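# Examination of the molecular architecture
Take a look at the letters that make up each chain.
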Amino acid sequence: QVQLVESGGGLVQAGSSLRLSCAVSGRTLGGYTMGWFRQAPGKGREFVAAISGGGGMTAYIDSVKGRFSTSRDNAKNTVYLRMNNLKPEDTAVYYCAASSKTMTVLQSMGEADYWGQGTQVTVSA
């Protein structure tokens, strides 16, 4: 059984940093496009970032470019989302996803094979 478990969320002040981790078990991470999504209260799920299977390509939503970065360690079966200069509008539940589709499909359609349970990020002003 494949499981994705996010960790690293919390309550921080604006301008702070957090690093989210997504640990994958049940199968190897290599070859899967990995993505990060978020859902704020009362809003729909929003794509945040993605990284290709080999880690050579990344994509980000415009609002986080220059502040967030995603990386992966296939040997540890873990994906990371480093979030700097956090803003109150970044407050949301953050989910990681593993997809056998391309980054474009994951980003535009949110098609993933597996999803994590989410971790809460709250940024106070």
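None of these values were measured; they are calculated from a predicted model. Every chain is numbered independently, its residues counted from 1 as its sequence is written. In keeping with the model being predicted, local features are shown solely for residues with a pLDDT of at least 70 and side-chain atom pairs are shown and tallied solely at 80 or more, while totals for entire chains, interfaces and linings include all residues. In computing side-chain properties, one takes all heavy atoms of the structure into account and sets aside hydrogens as well as water.

## With respect to the nonpolar core
- Residues M34, L81, M83 and Y94 are the most contacted members of the largest nonpolar core, which totals 29 residues.
- Helix and strand labels come from DSSP, where a helix needs a run of H or I of at least four residues and a strand needs a run of E of at least two; each type is numbered from the N terminus. Where this core is concerned, the elements lending two or more residues are β3 (18-25), β4 (33-39), β5 (45-51), β8 (78-83), β9 (92-99) and β11 (119-124).
- Here, residues are in contact when the closest pair of their heavy atoms is within 4.5 Å. Here M34 is in contact with L4, C22, V24, L29, A49, A50, I51, R72, V79, A97, A98 and L106, once residues within four sequence places are set aside.
- In terms of nonpolar packing, the next biggest core, distinct from the first, is built from seven residues, A59, A97, M103 and L106 among them. For our purposes a nonpolar core is just a set of buried Ala, Val, Leu, Ile, Met, Phe, Trp, Tyr and Cys residues, chained together by side-chain atoms within 4.5 Å. Using a 1.4 Å probe on the protein chains alone, a residue whose accessible area is under 20% of its type maximum counts as buried, one over 50% counts as exposed, and one in between counts as partly exposed.

## As for unusual backbone geometry
- You will see that N77, though not glycine, has its phi angle at about 55°, which is positive.
- Positive phi values are uncommon outside glycine, yet N85 reaches one of about 50°.
- Structurally, N85 can be placed in the loop between β8 and β9.
- Judged by its relative accessible area of 41%, N85 falls in the partly exposed class.

## As for the pattern of salt bridges
- One speaks of a salt bridge when a side-chain nitrogen belonging to Lys or Arg is within 4 Å of a carboxyl oxygen belonging to Asp or Glu. Across all of its chains, the model carries four salt bridges by this definition.
- When the shortest N-O distance is used, the salt bridge between E46 and R38 registers 2.7 Å.
- One salt bridge in this structure joins R38 and D90, with 3.0 Å as the shortest N-O distance. One end of the pair, R38, is in strand β4; the other, D90, is in the loop between β8 and β9, with 52 residues separating them in the sequence.
- Classification of D90 as buried rests on a relative accessible area of 0%.

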